[in-house]
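Architecture and fold: a report
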Amino acid sequence: MVPVRLRGHHFLCILTYRGHGYTPAFVENMSEIVEQIEQGRPLTLIEGPDDICNGLTPECREICYHDCSKPSTSEMDLLASDAVKPLLPLHSGDPFVLDRNHVDMMRKQFADGSIRRACEQCSWNEFCTSIALEGFSGVKLFAPA
Ligand code: SF4
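This write-up is about the structure you can find in this document.

What counts, and where the lines are drawn
Residues numbered from 1 in each chain as written. Predicted model: local features only at pLDDT ≥ 70, side-chain atom pairs only at ≥ 80, totals over all residues. Heavy atoms only, no water. Helix = DSSP H or I, 4+ residues; strand = E, 2+ residues; numbered from the N terminus. Rg over C-alpha atoms; globule rule 2.2 N^0.38 Å. Contact = heavy atoms within 4.5 Å. Areas by Shrake-Rupley, 256 points an atom, 1.4 Å probe, with all protein chains shown as cover. Lys, Arg positive; Asp, Glu negative; His and termini not counted. Charge placed at Lys NZ, Arg CZ, Asp CG, Glu CD. Near = heavy atom within 4 Å. Nonpolar A, V, L, I, M, F, W, Y, C, P; charged D, E, K, R; others polar. Buried < 20%, exposed > 50% of the residue type's maximum accessible area, 1.4 Å probe, protein only. Expected span 1.5 Å × (residues − 1). Core = buried A, V, L, I, M, F, W, Y, C linked by side-chain atoms within 4.5 Å.

Turning our eyes to something else, we now look at the overall build of the protein chain. For the protein chain, the count of helices and strands is six helices and two strands. Scanning the protein chain from its N terminus toward the C terminus, one meets helices and strands in the order β-α-α-β-α-α-α-α. Its C-alpha atoms give the protein chain a radius of gyration of 14 Å, within 12% of the compact-globule value 15 Å for 145 residues. Seen through its C-alpha atoms, the protein chain measures out along the principal axes to roughly 35 × 35 × 25 Å. For the protein chain, restricting intrachain contacts to residue pairs at least 6 apart in sequence, the fraction spanning at least 24 positions comes to 73%. On the protein chain, roughly 7,500 Å² of surface is accessible, and the fraction owed to carbon and sulfur atoms is 54%. With 13 positive and 20 negative side-chain charges, the protein chain shows a spacing of 3 Å between the two charge centroids.

Surrounding the ligand, one finds L12, C13, T16, M76, F110, R116, C119, C122, W124, N125 and C128. When contributions to the shell around the ligand are tallied by element, the ones reaching two or more residues are α1 (10-16) and α6 (125-133). Ranked by the residues each element gives to the shell around the ligand, the list is headed by α1, at three residues. Considered class by class, the residues forming the shell around the ligand number eight nonpolar, two polar and one charged.

Moving on: unusual backbone geometry. Non-glycine residue F136 carries a positive phi angle of around 60°. Tracing the chain through its elements places F136 in the segment after α6. We classify F136 as buried; its relative accessible area is 6%. Non-glycine residue F142 carries a positive phi angle of around 40°. Relative to the elements of secondary structure, F142 occurs in the segment after α6.

The end-to-end C-alpha distance of helix α4 (residues 71-84), which contains 14 residues, comes to 20 Å, matching closely the 20 Å that a straight helix rising 1.5 Å per residue would cover. Three or more residues of α4 are buried, namely T73, M76, D77, L79, A80, S81, A83 and V84.

In this structure, L12, L88, L98 and F110 are the most contacted members of the largest nonpolar core, which totals 40 residues. Among the secondary structure elements, those contributing two or more residues to this core are β1 (4-7), α1, α2 (24-38), α4, α5 (100-111) and α6. The greatest single-element share of this core, amounting to six residues, is contributed by α2. F110 has contacts with L12, L15, T16, I115, R116, C119, C128, A132 and F136, leaving out every residue within four places of it along the chain.

This is how it looks when you write it as structure tokens:
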């Protein structure tokens, strides 16, 4: 199975994803990816634009905070991947299946702020903070019981 390619900060974004995004096309693409991840499609960490960014139309890129070419976005990726590496089997570089345990561990540390340095530069920061405060209710990926 071809793995989902995810850039660093999107390992955080999938934790709070409730079906909101920049455009309907973006949301449709991200929802499909998140569903496939929950169904066991493997993931791989990459640098630069990934399979979630692919949902952006050119018009969307113009209004999108996460302009793929911005150095600040690469910095967010680095901060996020460094933060989640201790929690995920990323060291070998091989694709892996993200399961509920991984997600629960990441959400715990997302909620206490310890893996969220990347979020400080993001325009969705307050929104994602509120989702964490609400116990991640309504999220698409491995929704809490
Ligand atoms: S604040 Fe931004 S980078 Fe952090 S999880 Fe939310 S959308 Fe992703």
